[in-house]
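Structure assessment
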Amino acid sequence: MARRVFSSGRLDALQRYAELLATDGVVRGLIGPREVPRLWDRHLLNCGLLAQVVPNGVTVCDVGSGAGLPGLVLAIARPDLSVTLVEPLLRRTTFLEEAVAALDLTSVEVVRGRAEALHGVRRFAVVTSRAVAPLDRLLRWSMPLVEPTGALVAMKGSGVRDEVAAAGPTLRELGCAEPEVLTLGLDLTHGPDPSTTGSTTGSTTGSTTGSTTLSTTLAVRVAWADPSGVPWPIAAPPSGGRDVERAGRRRPKANRRRRA
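Residues numbered from 1 in each chain as written. Predicted model: local features only at pLDDT ≥ 70, side-chain atom pairs only at ≥ 80, totals over all residues. Heavy atoms only, no water.

What follows is about the packing of helix α2 (residues 11-27) against helix α3 (residues 39-48). At a closest axis distance of 12 Å, the pairing of α2 and α3 adopts a crossing angle of 120°. The pairing of α2 with α3 is recorded here as oblique in orientation. α3 is crossed by α2, and the crossing has right-handed handedness. Contacts between α2 and α3 involve Leu 14, Gln 15, Tyr 17, Ala 18, Leu 21 and Ala 22 from the former and Leu 39, Trp 40 and Leu 44 from the latter. Its residues placed into classes, the contact of α2 with α3 shows eight nonpolar, one polar and no charged. (Axes fitted to C-alpha atoms, helices over the stretch in contact; angles between N-to-C directions. Helix = DSSP H or I, 4+ residues; strand = E, 2+ residues; numbered from the N terminus. Parallel < 35°, antiparallel > 145°, perpendicular 65-115°, else oblique. Left-handed = near helix turned anticlockwise from the far one by under 90°. Contact = heavy atoms within 4.5 Å. Nonpolar A, V, L, I, M, F, W, Y, C, P; charged D, E, K, R; others polar.)

Below, the structure written as C-alpha cells:
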C-alpha cells in the first residue's frame, strides 16, 4: 500500500522516520506505544495522502507539528517543498531537529514557537495541521500565515462538517472563501496492493513489506475570498515576532529561490 501513496525512492527515508517514531518518539512521549504497530496505516499513509493537494515547489508551514505529522511526512515524500515545522514545546522541536538531521532533509526548518508569533512576519503557500484545534480557532492561528493565493489545508476527523458550520462567523470575519471538505485516498482504497509481497509479518514500525490498510483521509481546504484584498500584515504580535526561536538552521539547496 505504501507504494500507492509514496514514490519508491522515498520509502527508505520514511521507514527510517517510522523507526525514529517507534523508538525515540515513544521514549519522549511524542506518540503512545500502542500506536507503534499502526504507524504506517494510521499515521504515515494518511499524512502522505495530503501531498495530493499540495502544489509543486511551494512553501509549507505545519502548525503544531508535534512529532512531524503531517509536516515531516510531506517533507520526506515531497523534496520539492520548502517546509517549516512550527511547534512550541522544546522536547518536540528537539526530536524534530534530530529527525531532520538524521534524514538529511535540506529544505526543512524547525521553529520553536506558536503560530501567532509568525503573524505579520512570514507567509506560506500552504498551512497544514493535524488534530491541533477546532476549525474556528485554527483559522485564527493559521490564516494570517497564508499567502493571498494560498490555502489552509488541515487534516480533520469525521466531524469536519460540523466544525465548518460552527466556524461560519470566523470565516466571514477573516474574509475566507467557502471551505472545501476533501476526501483523500478514495482512488487508492480498492484493488490489490502492488507493494505487498505476500508476507504479513514485519517490524514493529509497520514494515512497508508487510500488509497495511489504507483509510481515506478527511481534510478541509480554506482559501481567501478575495486574494487582492488580503491585508499585510494581518496580525503582528506586540513583539514583532521576536518570540520565535529557530530550533535549527535550514540548510538551503543550491540555487533554490528564497520564498516568503
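Next comes the rest of the account.
Two elements in contact, α2 and helix α5 (residues 90-102), have axes whose closest approach is 11 Å; the angle formed by their N-to-C orientations is 145°. Crossing geometry of α2 relative to α5 is assigned as right-handed. Contacts between α2 and α5 involve Tyr 17, Leu 20, Leu 21, Asp 24 and Gly 25 from the first element and Phe 95, Ala 99 and Ala 102 from the second. Along the lines of polarity and charge, the residues of the contact of α2 with α5 split into six nonpolar, one polar and one charged.

Let's shift gears to the packing of aromatic side chains. The relation between two aromatic rings is expressed through the spacing of the ring centres and the mutual angle of the planes. Enumeration according to the criterion identifies one aromatic pair in this entry. The interplanar angle of 75° and the centroid separation of 6.4 Å between the aromatic rings of Phe 6 and Trp 40 together place this pair among those described as edge-to-face. Placement of Phe 6 in the loop between α1 (2-5) and α2 and of Trp 40 in helix α3 is noted, with a sequence separation of 34 residues between them. For the pair shown, Phe 6 and Trp 40 are each scored as buried. Its guanidinium or amino end placed over the ring of Trp 232, Arg 123 lies 4.1 Å from that ring's centre, counting from NZ or CZ. (Phe/Tyr/Trp six-rings, centres within 6.5 Å; stacked < 30°, edge-to-face > 60°. Buried < 20%, exposed > 50% of the residue type's maximum accessible area, 1.4 Å probe, protein only. Lys NZ or Arg CZ within 6 Å of the ring centre and 35° of its normal.)

This part covers the nonpolar core. Ranked by size, the top nonpolar core spans 53 residues in total, and within it Phe 6, Tyr 17 and Leu 72 carry the most contacts. Per element, the largest residue contribution to this core is seven residues, and it comes from α2. Core analysis: the next-biggest nonpolar cluster, separate from the first, contains 26 residues, Val 127, Leu 138, Trp 224 and Val 230 among them. (Core = buried A, V, L, I, M, F, W, Y, C linked by side-chain atoms within 4.5 Å.)

Its 17 residues place the ends of α2 24 Å apart at the C-alpha level, agreeing with the 24 Å of an ideal helix rising 1.5 Å per residue. Taking the largest bend as the criterion, α2 deviates by roughly 30°, centred on Leu 21. All of the buried residues along α2 are Leu 11, Ala 13, Leu 14, Gln 15, Tyr 17, Ala 18, Leu 21, Ala 22 and Gly 25. Each element contacted by the buried residues of α2 is listed here: α1, α3, α4 (71-77) and α5. (Expected span 1.5 Å × (residues − 1). Bend = angle between axes of the 7 residues up to and from the residue.)

For Thr 128, the position within the fold is in strand β4 (residues 124-130). Taking the relative accessible area as the measure of exposure, Thr 128 reaches 0% and is therefore buried. Dropping the residues within four chain positions of it, Thr 128 is found in contact with Leu 50, Val 60, Cys 61, Asp 62, Val 63, Pro 70, Leu 74 and Val 153.

Before going further, it helps to examine the confidence of the model for the protein chain. Residues of the protein chain with pLDDT of at least 70 account for 80%, and the chain-wide mean is 85. This model gives residues 251-260 a pLDDT under 50, and the stretch forms 24 contacts once residues within four places in sequence are excluded. (pLDDT = per-residue confidence, 0-100.)

Time to look at the pattern of salt bridges. Counted under the stated rule, the structure contains eight salt bridges. Among the salt bridges present, the one from Lys 156 reaches Glu 163, with a minimum N-O distance of 2.8 Å. Overlapping salt bridges bring together Glu 35, Arg 38 and Arg 42 as one network. (Salt bridge = Lys/Arg side-chain N within 4 Å of Asp/Glu carboxyl O.)

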